[in-house]
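Each chain, letter by letter, is given below.
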Amino acid sequence: MYEQDFIAYMIFGLILNFLFSILFGLYLSKNIGMKEMIESKGDKEQSILVSLSLFIPYAKMLVTLYRVAILQFFFLNKGHTHKEFWIYLTHK
């Protein structure tokens, strides 16, 4: 693999990272409401792994897809709401 190809993969990974994160944020704000999200947000800090994943292309995208899977399988399929998922993500 050439250096240019590696850098192109890294840039593509960063673009996908931000795209998936923005789309997931828009999806949650559409289903919960921005005001409701602000009022119900907790003070939970993200794990160090999530923070470090910003430096590894595709890792943050996988973390976001993991959160989407948790939302679908453990919250929506069991009759919970998007707001309950938001509270789960943001509270200790």
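Keep in mind that this is a model prediction, so the values were computed, not measured.

So, about the overall build of the protein. Counting its secondary structure elements, the protein contains five helices and zero strands. Ordering the α and β elements of the protein from the N terminus gives α-α-α-α-α. Seen through its C-alpha atoms, the protein measures out along the principal axes to roughly 50 × 25 × 20 Å. For the protein, the accessible area works out to roughly 6,900 Å², and carbon and sulfur atoms hold 69% of it. Measuring between centres, the 9 positive side-chain charges of the protein sit 8 Å from its 7 negative side-chain charges.

It is worth spelling out the nonpolar core at this point. The biggest cluster of nonpolar side chains holds nine residues, and these are F24, L28, I32, M37, I70, L71, F75, F85 and W86. Elements that contribute at least two residues to this core include exactly α1 (3-32), α4 (59-76) and α5 (82-90). Setting aside chain neighbours within four positions, we find F75 in contact with I70, H80, T81, E84, F85 and Y88.

Looking now at the environment of L71. Mapped onto the elements, L71 comes out in helix α4. L71 sits in the buried class, given a relative accessible area of 3%. L71 sits 29 residues away from G42 along the chain, and the two C-alpha atoms are 18 Å apart. For L71, the residues in contact, after removing those within four places along its chain, are F24, Y27, L28, L76, H82 and F85.

On to the side chain of T90, then. Assignment of secondary structure puts T90 in helix α5. Taking the relative accessible area as the measure of exposure, T90 reaches 6% and is therefore buried. Once residues lying within four places of it in the same chain are set aside, the contact partners of T90 are S40, K41, G42, D43 and K44.

Rules of the game
Residues numbered from 1 in each chain as written. Predicted model: local features only at pLDDT ≥ 70, side-chain atom pairs only at ≥ 80, totals over all residues. Heavy atoms only, no water. Helix = DSSP H or I, 4+ residues; strand = E, 2+ residues; numbered from the N terminus. Areas by Shrake-Rupley, 256 points an atom, 1.4 Å probe, with all protein chains shown as cover. Lys, Arg positive; Asp, Glu negative; His and termini not counted. Charge placed at Lys NZ, Arg CZ, Asp CG, Glu CD. Core = buried A, V, L, I, M, F, W, Y, C linked by side-chain atoms within 4.5 Å. Buried < 20%, exposed > 50% of the residue type's maximum accessible area, 1.4 Å probe, protein only. Contact = heavy atoms within 4.5 Å.

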